[in-house]
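# Topology and contacts: notes
Residues per chain are reported as follows:
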Amino acid sequence: MEIGKQLKEARIKSHLTQEMVSEKINVSRQTISNWENEKSYPDIINIIELSNLYSITLDELIKGDERMIEHLEESTNIVRSSKQLDYSTLVDHSFRLS
């Protein structure tokens, strides 16, 4: 099942409005709507927060949604690339100081 449908079903089962969820995880109501309508995807931090809020496992949220899995892989790769860049910049800067 797509993550948007999962998120909406979980929210409704939890008797929460989009506004209530947005306040609990510090995003806009429009962001919650975009996630539920699959116009955008939550990042891994928000996925974890939603999982906790709705008392469902991460597996239940993301398993079976290939686009969501690709999104998480891409965002993880961006973080890895950023960390590698920061490290290489630090190493380069250290050599200049020597």
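Cut-offs applied
- Residues numbered from 1 in each chain as written.
- Predicted model: local features only at pLDDT ≥ 70, side-chain atom pairs only at ≥ 80, totals over all residues.
- Heavy atoms only, no water.
- Helix = DSSP H or I, 4+ residues; strand = E, 2+ residues; numbered from the N terminus.
- Buried < 20%, exposed > 50% of the residue type's maximum accessible area, 1.4 Å probe, protein only.
- Contact = heavy atoms within 4.5 Å.
- Areas by Shrake-Rupley, 256 points an atom, 1.4 Å probe, with all protein chains shown as cover.
- Patch = residues over 30% accessible without salt bridge, like charges linked within 9 Å, V, L, I, M, F, W, Y side chains within 5 Å.
- Salt bridge = Lys/Arg side-chain N within 4 Å of Asp/Glu carboxyl O.
- Lys, Arg positive; Asp, Glu negative; His and termini not counted.
- Charge placed at Lys NZ, Arg CZ, Asp CG, Glu CD.

## Here's the deal with the overall build of the protein chain
Summing up its helical and strand segments, the protein chain has 6 helices and 0 strands in all. A buried classification covers 30% of the 98 residues belonging to the protein chain. By sequence separation, contacts in the protein chain at least 24 residues apart represent 59% of the contacts at least 6 residues apart. Summed over all atoms, the accessible surface of the protein chain reaches about 6800 Å², with 54% contributed by carbon and sulfur.

## Digging into the environment of Lys13
In this structure, Lys13 sits in helix α1 (residues 3-13). Take Lys13: its relative accessible area is 67%, and that puts it in the exposed class. Spatially, the C-alpha atoms of Lys13 and Tyr54 are 8.2 Å apart, while their sequence positions differ by 41 residues.

## So, a negative patch on the surface
A cluster of acidic residues, Glu66, Glu70, Glu73 and Glu74, forms a negative patch on the protein surface. Mapped onto the elements of the fold, Glu74 is located in helix α6 (residues 66-97). Residue class for Glu74 comes out exposed when judged on its relative accessible area of 51%.

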